[in-house]
Amino acid sequence: MTVENQENTQPLSKTQLWGLALSAILTEMNYDRHDVLDGGGDKQEALRAIRHILKRDWGIETREALLRQIHRLLNGHGHGPGYRRLQHRLSAMSEAEMDAYIQRHQHDEEHHSELLIVRLNRFALDRTGIDAWDEGRSVNLCRWGMAVGMVGEEEGWDMIMSMARIAQQKYDSWYPFTI
């Protein structure tokens with residue numbers, strides 16, 4: 001999906017936009033608009049793309065599967081636990097041991113990238129890990145679910161606003177949420 005210059009046909013309040021901002025990293029990665037639920041562009045194409053992504057990347061084809069995945073992300077079953085395990089492993093090493101360990105895993109591109117992320121952010125993310133990433137992913141799933149009709153609009157906004165209130169209590173600014 002691509003972002004197009006067009007008028008917003010779904011005018012959202014500042015509060016709703018703030019809630020959607022929790023999913024801004026994924027919205028940017030997908031070149032979507034931040035001010036609509038379906039990403040923008042041709043509506044039918046956008047909805048087909050969302051259904052495809054939900055099925056391909058998440059195995060989601062039903063409302064129940066969507067709600068189950070959102071619940072899992074919000075209850076610590078996303079990327080956060082793996083990050084914390086790596087963070088714990090690396091924190092027990094000296095800088096030289098960390099360098100050697102990361103070097104030994106450079107053949108595994110995905111794991112090597114994870115190790116670099118943990119190392120570079122281990123002090124900044126000491127308290128919350130990458131919970132914000134999983135929280136943003138849950139908002140993104142919710143907005144996609146609303147767009148394709150798996151979640152009703154009122155229910156979806158209630159979930160997003162609940163997630164936003166939790167994020168506001170957990171993070172004192174956008175900086176710790178986005179690092």
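Structural notes, computed from the coordinates. (Residues numbered from 1 in each chain as written. Predicted model: local features only at pLDDT ≥ 70, side-chain atom pairs only at ≥ 80, totals over all residues. Heavy atoms only, no water.)

**Some details on the pattern of salt bridges**
Then, number 1: What the rule picks out here adds up to 11 salt bridges.
Then, number 2: In this structure, Arg119 engages Glu95 in a salt bridge whose closest nitrogen and oxygen atoms are separated by 2.5 Å. Highlighted residues: Arg119 in helix α7 (residues 109–121) and Glu95 in helix α6 (residues 95–104), separated in sequence by 24 residues.
Then, number 3: Residue Arg119 is classed as buried on the basis of its relative accessible area, which comes to 19%. (Salt bridge = Lys/Arg side-chain N within 4 Å of Asp/Glu carboxyl O. Helix = DSSP H or I, 4+ residues; strand = E, 2+ residues; numbered from the N terminus. Buried < 20%, exposed > 50% of the residue type's maximum accessible area, 1.4 Å probe, protein only.)

**Things to note about α7**
Then, number 1: Its 13 residues place the ends of α7 18 Å apart at the C-alpha level, agreeing with the 18 Å of an ideal helix rising 1.5 Å per residue.
Then, number 2: Looking at the buried residues of α7, the elements they touch are α5 (80–91) and α6. (Expected span 1.5 Å × (residues − 1). Contact = heavy atoms within 4.5 Å.)

**Brief notes about the packing of α6 against α7**
Then, number 1: The N-to-C vectors of α6 and α7 enclose an angle of 160°; their axes lie 10 Å apart at closest approach. As far as their axial angle goes, α7 and α6 are roughly antiparallel. In this structure, the crossing between α6 and α7 has a hand that is left-handed. Of the residues in α7, those touching α6 at Glu95, Met98, Asp99, Tyr101 and Ile102 are His111, His112, Leu115, Leu116 and Arg119. (Axes fitted to C-alpha atoms, helices over the stretch in contact; angles between N-to-C directions. Parallel < 35°, antiparallel > 145°, perpendicular 65-115°, else oblique. Left-handed = near helix turned anticlockwise from the far one by under 90°.)

**Here we look at the nonpolar core**
Then, number 1: If you look at the biggest cluster of nonpolar residues, it comprises 33 residues, and the most contacted ones within it are Leu54, Ile60, Leu66, Leu141, Trp157 and Ile160.
Then, number 2: Looking at this core, the elements that each hand over two or more residues are α3 (43–58), α4 (63–74), α8 (131–147) and α9 (153–170).
Then, number 3: Apart from the residues lying within four places of it in its own chain, the contact partners of Leu66 are Leu54, Ile60, Leu141, Gly145, Met150 and Val151.
Then, number 4: Counting 10 residues, the second largest nonpolar core, distinct from the first, contains Leu86, Leu90, Tyr101 and Leu115. (Core = buried A, V, L, I, M, F, W, Y, C linked by side-chain atoms within 4.5 Å.)

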